[in-house]
Amino acid sequence: MADEKNQFTHYDAINWNKVIDPIDKATWEKLTEQFWLDTRIPISNDLKDWRGLGQTEHRLYDHVFGGLTMLDTLQSQDGMFSLLKSAVTPHERAVLNNIEFMESVHAKSYSSIFETLDTPAEIDEIFDWASKNEQLQYKANKINALYHDPNPLKRKVASVFLETFLFYSGFYTPLYFVGHNKMANVAEIIKLIIRDESVHGTYIGYKFQVAFQQLSEKEQQELTTWAYDLLYDLYDNEENYTHQLYDDIGWFDDVMVFLRYNGNKALMNLGLEPMFADGAEDVNPVVMNGISTSTANHDFFSQVGNGYRLGEVEDLSADDYQVGGSKQAGLDSDKES
Ligand SMILES: [Fe+2]
Ligand SMILES: [Fe+2]
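The structure contained in this document is the topic of the report that follows. No experiment lies behind these values; they were computed from the predicted model shown.

Quick notes on the overall build of the protein chain
- Assigned secondary structure in the protein chain consists of 12 helices and zero strands.
- Tracing the protein chain from N to C terminus, the helices and strands come up as α-α-α-α-α-α-α-α-α-α-α-α.
- Considering the protein chain as a whole, with its 337 residues, one finds that 43% of them fall into the buried category.
- Excluding contacts between residues fewer than 6 apart, the proportion of contacts in the protein chain whose partners are at least 24 apart in sequence is 76%.

What follows is the structure, given as structure tokens:
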């Protein structure tokens, strides 16, 4: 980056042989090793399953994916850009550039799914629904406003709450169905997205913790209270959103357990204490099974199989995210293969 005072005479080239924070390099390697594209997944192999589902299930899939498209659009257009402005190392900027691009891949994936499963009129209805849904607009605008907040730590909290909490009301549907052996290729895309979001939430949470430790005790207390209030606010909105999406199919209570479980995960990514009583053992085991981010091994080039061929990726462990000597508790180890 150009030095503000000397911007016409001095610019530093990024040197990956002098990495300031090894977490940046480890995260870059993990994210690039798990790179994928929606166009490699044979979504049309799910058409038989899709035709076997009823109108209620179709609406549910369409609307949860409409909501997820909105959140990934927000991440790709405003979220990572807002975090880039407060990156402390050039390698962190590189990682955020990678994340920003993958958010565009995520957002586009849902359009590939819609194109395969829905008619043009149904696709129009999905985007119309998303643009008018009150709860969806509330959370997107709430998070987007925070992305324009001058406090970089609030921007990080907003991003982690989106990555590790807000996505999960939508993820529940494909995970539930794949747990019942339905719509496996669509679920493969969702699992690849979840695997990315897991790294994003952990990494940005780690960067939050590093900055948080520089604050005074009073500032830390204020920010912590603010973060819990924000999560409560988002949770209230999510409760209404979940009613709308899941009341018809009768899954409201189960989805809320899953949301509370992921709300705790989001807090732990930030190094904060969980606030809900729900643990992994309370979540519908069919969905927990589906959330395992292991993907079937497939031939990348011939697109044979119902998924994606991936490089050998070693998962980051909690030890990789040690901040100030204390282990980072929020690493989504149970979401990893
Ligand atoms: Fe995403
Ligand atoms: Fe993300």
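Still to come is the rest of the account.
Here we look at the packing of helix H7 (residues 152-166) against helix H9 (residues 184-212)
- Running from N to C, H7 and H9 point in directions that differ by 155°, and their axes come no closer than 9 Å. Between H7 and H9, the interaxial angle falls into the category roughly antiparallel. Here H7 and H9 pass one another in a crossing that is left-handed. In contact with Pro-152, Leu-153, Lys-156, Val-157, Ser-159, Val-160, Glu-163 and Thr-164 of H7, H9 contributes Glu-197, His-200, Gly-201, Ile-204, Gly-205, Lys-207, Phe-208, Ala-211 and Phe-212.

Focus on the nonpolar core
- Membership of the largest hydrophobic core comes to 82 residues, with the highest contact counts inside it found for Phe-161 and Leu-175.
- For this core, the element with the highest residue contribution is H9, accounting for 13 residues.
- Beyond its immediate sequence surroundings of up to four residues, Phe-161 is in contact with Leu-166, Leu-230, Leu-231, Leu-234 and Ala-266.

Let's talk about helix H1 (residues 22-33)
- Between its first and last C-alpha atoms H1 spans 17 Å; for 12 residues at 1.5 Å apiece the expected length is 16 Å, and the two agree.
- Among all positions in H1, only Ile-23, Asp-24, Thr-27, Lys-30 and Leu-31 are buried. Projected down its long axis, H1 carries its buried residues within an arc of 135°, all on one side. Turned more than 90 degrees away from the buried face of H1, the exposed residues are Pro-22 and Glu-33.
- Elements in contact with the buried residues of H1: helix H4 (90-117) and H9.

Observations concerning the environment of Pro-42
- Relative to the helices and strands, Pro-42 is located in the loop between H1 and helix H2 (47-52).
- On the neighbour-count criterion, Pro-42 (17 C-beta atoms within 10 Å) is partly exposed.
- Taking the C-alpha atoms as reference points, Pro-42 and Val-186, 144 residues apart in sequence, are found 8.6 Å from one another.

The rules behind the values
Residues numbered from 1 in each chain as written. Chains lettered and ligands numbered in written order. Predicted model: local features only at pLDDT ≥ 70, side-chain atom pairs only at ≥ 80, totals over all residues. Helix = DSSP H or I, 4+ residues; strand = E, 2+ residues; numbered from the N terminus. Buried ≥ 20, exposed ≤ 12 C-beta atoms within 10 Å, placed from the backbone. Contact = placed C-beta atoms within 7 Å. Axes fitted to C-alpha atoms, helices over the stretch in contact; angles between N-to-C directions. Parallel < 35°, antiparallel > 145°, perpendicular 65-115°, else oblique. Left-handed = near helix turned anticlockwise from the far one by under 90°. Core = buried A, V, L, I, M, F, W, Y, C linked by C-beta atoms within 7 Å. Expected span 1.5 Å × (residues − 1). Arc of directions from axis to C-beta.

In short, the description is geometric, and any link to function would need to be established separately.
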